[in-house]
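Architecture at a glance
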Amino acid sequence: MSNKKLRRVGLSQEVCDRLSRHQIVTCRDFLCLSPLELMKVTGLSYRGVHELLCVVSRACAPQMKTAYGIKTQRSASLSPAFLSTSLSALDEALHGGVACGSLTEITGPPGCGKTQFCIMMSVLATLPTNMGGLEGAAVYIDTESAFSAERLIEIAESRFPRYFNTEEKLLLTSTKVHVYRELTCEEVLQRIESLEEEIISKRVKVVIIDSIASVVRKEFDTQLQGNMKERNKFLAKGASLLKYLAEEFSIPVILTNQITTHLSRALASQADLVSPADDMSLTEGASGSSCVIAALGNTWSHSVNTRLILQYLDSEKRQILIAKSPVAPFTSFVYTIKAEGLVLQDNKTVARVRLRSEGESAAESHHSPGLPIPDVLRKIRNPKLSCPKSDCMCPPWVYQLLLRSSFYKLGGLEPEPRELG
């Protein structure tokens, strides 16, 4: 809230112009100055400066809201609450698509379709509302030089051939996607800080950063003393600014993340886990366990509201996993990448983990019928610890994850594991 521009808090144009000549453009800049300094800059009396301080303080201070008030405000809002992904089964699971007013992270290994998904979403944001779009512009911050204008045109033409039936419409859509190549943390942060006026002037309806992990991991070596603190400071500030923009303008913010190998005696949390590592050792001995998780650590994991994990199933098929969401269950969908972008396979759910009903045991909830598990999840080397139920076909790493998650610990139930020979 402190990054709100002074032009948007009710100050007169004359006062804003005077302040901007001294590089005072945000509420934070204004409130960091003493009354005497403000009197000198604005030419106002002490009383006039005091009134300005009250106005600016109220504008950037968060106000208390009731749950009913938030619900009423959202119901009365004319802005869409979601940006459709055009993947019907995924939209249904997410109650409409990518949520406006929050941060959505896309993570996964290289080449699984993260950038394809982002380009697809930038096209969707420009579409009319009757087609599931937001009828606005998109800001695309490219930190990996991976954005392709040709691919954007191809996705638009192939996915919506009836709408993009003329070159004029394709040209109009391409002019609405504003691409910035920022290759350092400082450049990314400066760009985020300057987005407020751009969102207003260009009617931006989605902000995409592909990827946030690229610049962070290049600049901060976590093995060096002090780097972890600085990295977390940068991530916290960036997340705070992006959340402010998302909430203030009711737009979705989409970020991509990378993956890393986690070596620990304790297994990673369900929301972070991408897959077991190839050299996975799931014994509880000195070697601990290794698994592939989302990068940037636990602090960043709590900063995003929704996390979608993209994974390989085979050379052609991949899956989208809803690993973290305030509205959706732990669910995955199979997809392929074609000329039109991501395409779901028959819109069928691959697997879903659900909370058990009252009176149902954790084992019964875990082994619910009709929940197929992808073959790729069974391909694990050196499985040492598996589910105690003899007819269970789930991979050992899935069982171990559930063993330590709330699905088993609810009610204090932790089944005894069995060792495989």
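Here, the structure is the one placed above.
Residues numbered from 1 in each chain as written. Predicted model: local features only at pLDDT ≥ 70, side-chain atom pairs only at ≥ 80, totals over all residues. Heavy atoms only, no water.

1. Comments concerning the overall build of the protein chain
What counts is decided by this rule: Only runs of H or I of at least four residues qualify as helices and only runs of E of at least two qualify as strands under DSSP, and these elements are numbered from the N terminus. Type-normalised accessible area, obtained with a 1.4 Å probe on protein chains alone, sets the label of each residue: buried when under 20%, exposed when over 50%, and partly exposed for intermediate values. The contact definition used throughout considers only heavy atoms, calling two residues in contact when any of these lie within 4.5 Å. Accessible areas in this description were obtained via Shrake-Rupley with a 1.4 Å probe; residue shielding takes into account the shown protein chains only.
Within the protein chain one finds 17 helices and 16 strands. A burial count over the protein chain gives 48% of its 421 residues as buried. Taking the intrachain contacts of the protein chain between residues at least 6 apart in sequence as the baseline, contacts between residues at least 24 apart amount to 62%. Here the protein chain has roughly 21100 Å² of accessible surface; of this, 52% comes from carbon and sulfur atoms.

2. Focus: the packing of aromatic side chains
Defined as follows: Only centres within 6.5 Å qualify two rings of Phe, Tyr or Trp (six-membered ring in Trp) as a pair; their planes then separate them into stacked at under 30 degrees, edge-to-face at over 60, and tilted for everything else. A positively charged side chain is recorded as over a ring if its NZ (Lys) or CZ (Arg) lies within 6 Å of the ring centre. The angle to the ring normal must also be within 35 degrees.
Scanning the entire structure with this criterion turns up 4 aromatic pairs. Connected via pairs of aromatic rings, a cluster forms that spans F160, Y163 and F164. Sitting over the ring of Y163, K169 keeps its end group 4.4 Å from the ring centre. Residue placement shows R191 over the ring face of Y180; its charged tip is 3.9 Å from the ring centre.

3. Brief notes about the side chain of D91
Positionally, D91 belongs in helix α6 (residues 88–93). D91 has contacts with S84, T85, S86, G96 and G97, leaving out every residue within four places of it along the chain.

4. Quick word on the side chain of T107
Under the convention used in this document: Think of a polar contact as two N or O atoms within 3.5 Å of one another; within protein, one of them needs to be a possible hydrogen donor and the other a possible acceptor, and neighboring residues in sequence only count if both atoms come from side chains.
Relative to the elements of secondary structure, T107 occurs in strand β3 (residues 103–107). Of the polar contacts made by the side chain of T107, one reaches the backbone oxygen of N257; its length is 3.5 Å. Look past the residues within four positions of T107 in its chain and what remains in contact with it is K114, N257, Q258, I259, A294, R307, L308, I309 and L310.

5. Considering the pairing of strand β6 (residues 204–210)
Convention followed: Any two strands with at least two DSSP bridges between them are considered paired.
With 6 of its 7 residues buried, β6 lies for the most part within the structure. In this structure, β6 lies alongside strand β7 (residues 253–257), joined through 3 bridges in parallel fashion. The partner of V207 across the bridge, within β7, is V253.

6. What to know about the nonpolar core
Test applied: Nonpolar core, defined: a set of buried Ala, Val, Leu, Ile, Met, Phe, Trp, Tyr and Cys residues in which side-chain atoms within 4.5 Å join the residues together.
Within the largest apolar cluster, 41 residues are counted, with the highest numbers of intra-cluster contacts made by M121, I254, I320 and I322. The dominant element in this core, judged by the number of residues it contributes, is helix α7 (residues 114–126), at 8 residues. When neighbours within four sequence positions are excluded, I322 is seen to be in contact with L90, A93, L94, R307, L308, A328, P329, F330, T331 and F333. Core analysis: the next-biggest nonpolar cluster, separate from the first, contains 35 residues, Y180, I192, V215 and V253 among them.

7. A word on the pattern of salt bridges
How we decide: By salt bridge we mean one thing: a side-chain nitrogen of Lys or Arg within 4 Å of a carboxyl oxygen of Asp or Glu.
For the coordinates displayed, the defined rule picks out 11 salt bridges. The residue E196 makes a salt bridge to R8 at a minimum N-O spacing of 2.5 Å. Note that E196 is positioned in helix α11 (residues 195–201) and R8 in the segment before α1 (13–20), a separation of 188 residues in sequence. Residues E14 and R18 are paired through a salt bridge, measuring 2.6 Å at the closest nitrogen-oxygen approach. In this pair, E14 and R18 both sit in helix α1, 4 residues apart, roughly one turn of the helix.

8. Section: the packing of helix α3 (residues 35–42) against helix α4 (residues 46–60)
What counts is decided by this rule: Where helices are involved, their axes are fitted lines through C-alpha atoms of the stretch in contact, as for all axes, and angles between N-to-C directions lie from 0 to 180°. Under this scheme an angle from 65 to 115 degrees is roughly perpendicular, one under 35 degrees roughly parallel, and one over 145 degrees roughly antiparallel; angles in between are oblique. Ten residue types, Ala, Val, Leu, Ile, Met, Phe, Trp, Tyr, Cys and Pro, are classed as nonpolar, four, Asp, Glu, Lys and Arg, as charged, and the remainder, Gly among them, as polar.
Where α3 meets α4, the axes come as close as 9 Å, and the angle between the chain directions of the two elements is 105°. In this view, α3 runs roughly perpendicular relative to α4, as classed from their interaxial angle. Here P35, L38, M39 and T42 of α3 come into contact with α4, specifically with Y46, V49 and L53. Its residues placed into classes, the contact of α3 with α4 shows 6 nonpolar, 1 polar and no charged.

9. Quick notes on the pairing of β3
Most of β3 is tucked away, with 5 of its 5 residues classed as buried. The alternating pattern of β3 places L103, E105 and T107 on one face and T104 and I106 on the opposite face, and all of these are buried. Pairing of β3 with β7 involves 5 bridges; the strand directions are parallel. Note that in β7 the partner of E105 across the bridge is L255.

10. Brief notes about the environment of S250
Checked against the element boundaries, S250 lands in the loop between α13 (227–249) and β7. On the accessibility criterion, S250 (29% relative accessible area) is partly exposed. S250 sits 170 residues away from P80 along the chain, and the two C-alpha atoms are 8.4 Å apart. Excluding anything up to four places from it in sequence, S250 contacts S79, P80, C100, G101 and L245.

11. Some remarks on the environment of T184
Position of T184 relative to the elements: it lies in the loop between β5 (177–181) and α10 (185–193). Assessed through its relative accessible area of 28%, T184 is described here as partly exposed. Taking the C-alpha atoms as reference points, T184 and S214, 30 residues apart in sequence, are found 8.9 Å from one another. Not counting chain neighbours up to four residues away, the residues in contact with T184 comprise V215 and E219. Engagement of the side chain of T184 in a polar contact is seen with the backbone nitrogen of E187, the distance being 3.1 Å.

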